[in-house]
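Coordinate inspection notes
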Amino acid sequence: MENYDLTYIEPSTPEIKQIRELIKKQGDKVCKESISVESISKNASTFTFGWISVLQKAQLGRRSVKSLNDRFTLLSFVLCHYTPDTPDQVTIEIICSTNKSGKLLMELAEQKSISMGIKRIYLNCLDNNNLKRWYESLGYKHFTTIYSRQGVPKVYSMVKYL
Ligand SMILES: CC(C)(COP(=O)(O)OP(=O)(O)OC[C@H]1O[C@@H](n2cnc3c(N)ncnc32)[C@H](O)[C@@H]1OP(=O)(O)O)[C@@H](O)C(=O)NCCC(=O)NCCS
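Residues numbered from 1 in each chain as written. Predicted model: local features only at pLDDT ≥ 70, side-chain atom pairs only at ≥ 80, totals over all residues.

With respect to spatial proximity, 18 residues lie near the ligand, and among them Ser97, Gly102, Lys103, Arg133 and Ser137 are the closest. The dominant element in the shell around the ligand, judged by the number of residues it contributes, is helix α5 (residues 129-137), at five residues. (Near = placed C-beta within 6 Å. Helix = DSSP H or I, 4+ residues; strand = E, 2+ residues; numbered from the N terminus.)

Structurally, Pro11 can be placed in the loop between β1 (7-9) and α1 (16-30). For Pro11, a count of 11 C-beta atoms within 10 Å translates into the label exposed. Here the alpha-carbon distance between Pro11 and Thr46, two residues 35 residues apart in the chain, equals 8.6 Å. If we skip the residues at most four places from it in the chain, Pro11 touches Ile16 and Thr48. (Buried ≥ 20, exposed ≤ 12 C-beta atoms within 10 Å, placed from the backbone. Contact = placed C-beta atoms within 7 Å.)

A word on the nonpolar core. If you look at the biggest cluster of nonpolar residues, it comprises 33 residues, and the most contacted ones within it are Leu74, Phe77, Val78 and Cys80. Secondary structure elements with two or more residues in this core: α1, α2 (37-46), β2 (49-56), β3 (72-82), β4 (89-97), α4 (102-115), β5 (120-126) and β7 (153-161). Take this core: its biggest share by element is six residues, from β3. Formed jointly, this core draws a minimum of three residues from each of two domains, domain 1 (1-118) and domain 2 (119-162). (Core = buried A, V, L, I, M, F, W, Y, C linked by C-beta atoms within 7 Å. Domains from an automatic or database assignment.)

Time to look at α2. All of the buried residues along α2 are Ile40, Asn43 and Ala44. Seen along its axis, α2 keeps its buried residues to an arc of 105°; they face one direction. Residues of α2 that are exposed and point more than 90 degrees away from the buried face comprise Glu38 and Ser45. On its buried face, α2 sits against α1, β3 and β4. (Arc of directions from axis to C-beta.)

Domain annotation of the protein chain identifies domain 1 (1-118) and domain 2 (119-162). Of the residues lining the interface, 13 residues belong to domain 1; the matching set on domain 2 comes to eight residues. Looking at the side of domain 1 that touches domain 2, the elements with two or more residues in it are β4 and α4. No other element matches the six residues that α4 contributes to the side of domain 1 that touches domain 2. Along the lines of polarity and charge, the residues of the side of domain 1 that touches domain 2 split into six nonpolar, four polar and three charged. (Nonpolar A, V, L, I, M, F, W, Y, C, P; charged D, E, K, R; others polar.)

Pasting the structure below:
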């Protein structure tokens, strides 16, 4: 297993502004350009809890003047959304990983949801059978397909009951 630390993040986390910036600047690469920059940017601003893993870059120059984006390489992240308007559910908005931490990130999101008394987790899976099978292997079930205007399957909405 690869060696990495996962850090819990939420809006009250110290340095959250810099963490949002780190995700906005490096998220596209971590997601292998499969998720739009707009979506990454929006969710980096609106998520309610999540985790990231980073790798410290070699230090050049004075550390104190550098931003998190300069000091760290983002390796993986998951961004989840919860609202008291729908208190039984959490949505996994984005998950991206370059270091084999995807499954662990999903498990952390699930454990946190259980501790909040959440009954179900939703996510939108891209039109990618391998990805869909990956979510299914984690217990998610496809319940509806959202089609694009051309009638081509666009995203699969999936749910897991906890
Ligand atoms: C999808 C993604 C997050 C997965 O992350 P990851 O770190 O590669 O996943 P992991 O390595 O933790 O997954 C590992 C497990 O899933 C298994 N797995 C992978 N693909 C699978 C599939 N299609 N069906 C069943 N199991 C699968 C692996 O064998 C592995 O099992 P193991 O740990 O027992 O060996 C990552 O590939 C990614 O960032 N993709 C691009 C962005 C994206 O599409 N995100 C999702 C939409 S928001």
